[in-house]
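Chains, contacts and geometry: an overview
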Amino acid sequence: MAAPRDNVTLLFKLYCLAVMTVMAAAYTIALRYTRTSDKELYFSTTAVCITEVIKLLLSVGILAKKNRFGGRRYQQFVFGETGSLGRFKASLRENVLGSPKELLKLSVPSLVYAVQNNMAFLALSNLDAAVYQVTYQLKIPCTALCTVLMLNRTLSKLQWVSVFMLCAGVTLVQWKPAQATKVVVEQNPLLGFGAIAIAVLCSGFAGVYFEKVLKSSDTSLWVRNIQMYLSGIIVTLVGVYLSDGAEIKEKGFFYGYTYYVWFVIFLASVGGLYTSVVVKYTDNIMKGFSAAAAIVLSTIASVMLFGLQITLTFALGTLLVCVSIYLYGLPRQDTTSIQQGETASKERVIGV
């Protein structure tokens with residue numbers, strides 16, 4: 001049977017591209033706004049914790065629905081497997097409640113992702129959304145390095161060139177960071193960059209670790225998500241207590257929450273789950289275009305909302321990053337088929 005990607009129309013791929021782009025840009029802009037507005041500042045640790053809870057509930061709901069209501073053809077197309085409500089309950093019993101070792105295994109990326117998400121809040125409290133969006137693309141070389149070390153994969157020469165190009169672009173962006181004239185809160189760009197550095201390291205390691213766990217067994221992606229989010233809730237609750245426990249006792253868990261904060265939590269919750277479903281219908285080139293388009297949208301929004309002053313180094317650095325993302329996603333040349341073709345042509349010449 002053909003892979004699901006082969007059955008998807010170009011219109012659906014463009015829809016996926018548009019949604020991924022808008023979500024990525026909207027998340028950084030909305031989070032930046034909530035961290036720099038003149039209203040009471042909420043606790044970022046509680047927002048990360050609530051995000052994990054919503055992701056868990058959504059994952060359980062999706063797993064239950066696809067097992068109970070999904071037709072066989074639909075399930076194979078969207079989720080790659082079939083099942084029933086009974087299988088859903090058995091799967092939860094076996095893989096979640098009855099597998100403490102698996103929960104412990106998934107607690108590693110849960111902890112790392114919790115650090116990453118909290119670092120994103122810290123970074124966007126000190127850097128403009130556009131600067132953050134560009135600098136955060138350092139996750140690409142970090143993920144590439146983790147892939148080489150942990151999964152024993154190789155990168156093409158073009159991919160290595162694009163990695164160094166991306167690093168050069170980020171260096172230019174950070175050389176003289178663009179300033180936002182409409183932001184009145186005190187900021188520390190060095191602290192923001194340090195937070196991004198930690199976030200990209202966490203992103204690269206956790207992403208590759210989770211991929212390795214997924215490929216080590218036949219367990220469903222959604223079961224693995226449930227395991228990870230259960231661990232994530234425990235980890236983030238500990239983080240809430242250790243980081244802001246005293247203040248939360250005094251002010252309350254939802255102190256400083258507004259509609260905009262809930263919108264950020266919604267984007268963080270739905271965005272990650274949506275991406276995990278739709279990326280299998282797009283290729284690396286489309287994902288590269290999505291990242292570049294999100295950078296452009298974030299820049300335009302930052303100019304309009306935060307008074308971002310674009311410098312020459314920022315513009316050049318952003319261009320380098322966008323080009324490097326595109327080059328990194330280009331399909332690798334199949335040298336095996338080329339060599340086989342050359343061998344066959346030589347044999348034909350000899351035969352003549």
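Details of the structure are given in the entry above.
Quick caveat: nothing in here was measured; it's all calculated off a predicted structure.

1. Quick notes on the packing of helix H1 (residues 10-36) against helix H5 (residues 100-124)
Any two packed helices are characterised by how steeply their axes cross, that is the angle between the axes, and by the distance between the axes. Where H1 meets H5, the closest approach of the two axes is 9 Å, and the angle between their N-to-C directions is 65°. Crossing of H1 over H5 shows right-handed handedness. Contacts from Tyr 27, Thr 28, Leu 31, Arg 32, Arg 35 and Thr 36 in H1 reach Ala 120, Phe 121 and Leu 124 in H5. Looking at side-chain class alone, the contact of H1 with H5 contains five nonpolar, two polar and two charged residues.

2. Notes on the environment of Ala 292
Its place among the elements puts Ala 292 in helix H12 (residues 284-306). Given a relative accessible area of 14%, Ala 292 falls into the buried group. Separated by 32 residues in sequence, Ala 292 and Ser 324 have C-alpha atoms that sit 9.7 Å apart.

3. So, H5
In this model, H5 (25 residues) spans 36 Å end to end at C-alpha, consistent with the 36 Å of a helix rising 1.5 Å per residue. Of all the bends in H5, the largest measures some 30° and sits at Ser 107, one to four residues before the proline Pro 109.

4. Here's the deal with the side chain of Asn 126
Mapped onto the elements, Asn 126 comes out in the loop between H5 and helix H6 (129-135). Looking at Asn 126, its side chain comes within polar contact range of the main-chain oxygen of Leu 122, at 2.9 Å. With residues near it in sequence (within four places) discarded, Asn 126 still touches Arg 32, Gln 187, Asn 188, Pro 189, Leu 191 and Gly 192.

5. Let's talk about the packing of aromatic side chains
Both the distance between ring centres and the angle between the ring planes are used here to describe each pair of aromatic rings. Following the criterion strictly, the structure yields 10 aromatic pairs and no others. Summarising the aromatic geometry, the rings of Tyr 33 and Tyr 260 are spaced 5.0 Å apart at their centres and angled 65° between planes, so their arrangement reads as edge-to-face. Taken together, the residues Tyr 33 in helix H1 and Tyr 260 in helix H11 (residues 259-278) connect sequence positions 227 residues apart. Tyr 33 gets classed as partly exposed once you look at its relative accessible area, which sits at 35%.

The rules behind each value
- Residues numbered from 1 in each chain as written.
- Predicted model: local features only at pLDDT ≥ 70, side-chain atom pairs only at ≥ 80, totals over all residues.
- Heavy atoms only, no water.
- Axes fitted to C-alpha atoms, helices over the stretch in contact; angles between N-to-C directions.
- Helix = DSSP H or I, 4+ residues; strand = E, 2+ residues; numbered from the N terminus.
- Left-handed = near helix turned anticlockwise from the far one by under 90°.
- Contact = heavy atoms within 4.5 Å.
- Nonpolar A, V, L, I, M, F, W, Y, C, P; charged D, E, K, R; others polar.
- Buried < 20%, exposed > 50% of the residue type's maximum accessible area, 1.4 Å probe, protein only.
- Expected span 1.5 Å × (residues − 1).
- Bend = angle between axes of the 7 residues up to and from the residue.
- Polar contact = N/O pair within 3.5 Å; in protein donor to acceptor, adjacent residues only side chain to side chain.
- Phe/Tyr/Trp six-rings, centres within 6.5 Å; stacked < 30°, edge-to-face > 60°.

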